Amino acid sequence: MRPDERVEFALDSNLAVLFVVGVADRSAVSRHKRLAPRFSIEDFDILRHALEGAARVVVPPHVLTETSNLARQGAAADARNLAEAFRFVVESFDEVEVEARQAVGVDDFQRLGLTDCVLLVLGSRGATLLTVDEALYCAALSKGYDAVNFADLRAFGASRR
């Protein structure tokens, strides 16, 4: 992927949680149970910038379900903002169906699980996987699918400062 190329991203659950929490309240990223200390406010900014440049962002219901459940594990005081941010994400991204029976047929299913294999199916359909999960990233590349490791975006973002 060239930096100036507009792509269709399929977002993994971890990054979707980062996006939802950051949309709700950027400062909440540093205190959210599922994000801190792995992610920073700067990570949210990098992700938001990448998604703003995408042709579109696709998410399967499996990722949306995980995102809703994981995002809600934050502080109770953030519950209303998180619900509104999640609603915004659902309305902004394109929900695409992948049948579970198709995902469990992926040869990496036992190792990666259902949601990651759903993302691999989207990769087989031409979506570029945007992930922080090294195993998913490597599986996508081994199949010849387009994938971006969020660590590379971090490194690129850091080099531009």
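Residues numbered from 1 in each chain as written. Predicted model: local features only at pLDDT ≥ 70, side-chain atom pairs only at ≥ 80, totals over all residues. Heavy atoms only, no water.

Chemist: Please clarify how the overall build of the protein chain should be interpreted in this entry.
Modeler: Within the protein chain one finds nine helices and five strands. The linear arrangement of helices and strands in the protein chain, starting from the amino end, is β-α-α-β-α-α-β-α-α-α-β-α-β-α. Principal-axis analysis of the C-alpha atoms gives the protein chain an extent of 40 × 35 × 25 Å. Per-residue burial for the protein chain yields a buried fraction of 47% across its 161 residues. Across the protein chain, every contact between residues at least 6 apart in sequence was considered, and the portion connecting residues at least 24 apart equals 64%. Split by element, the accessible area of the protein chain, about 8,400 Å² in all, is 48% carbon and sulfur. (Helix = DSSP H or I, 4+ residues; strand = E, 2+ residues; numbered from the N terminus. Buried < 20%, exposed > 50% of the residue type's maximum accessible area, 1.4 Å probe, protein only. Contact = heavy atoms within 4.5 Å. Areas by Shrake-Rupley, 256 points an atom, 1.4 Å probe, with all protein chains shown as cover.)

Chemist: Help me understand the environment of Gln 110 in this model?
Modeler: Topologically, Gln 110 is positioned in helix 6 (residues 109-112). In the structure, Gln 110 is positioned 42 residues away from Asp 152 in sequence and 27 Å away in space, judged by C-alpha atoms.

Chemist: Help me understand helix 4 (residues 79-92) in this model?
Modeler: Working note: α-helix, 3.6 residues per turn, so residues spaced by three or four point in the same direction. With 14 residues, helix 4 extends 20 Å from end C-alpha to end C-alpha; this agrees with the ideal 20 Å at 1.5 Å per step. Among the residues making up helix 4, those that are buried are Leu 82, Ala 85, Phe 86 and Val 89. Down the axis of helix 4, the smallest arc covering the buried residues is 105°, so these residues share one side. Across helix 4 from its buried face, at more than 90 degrees, point the exposed residues Arg 80 and Glu 91. Those residues of helix 4 hidden inside the fold are in contact with helix 1 (13-24) and helix 3 (61-71). (Expected span 1.5 Å × (residues − 1). Arc of directions from axis to C-beta.)

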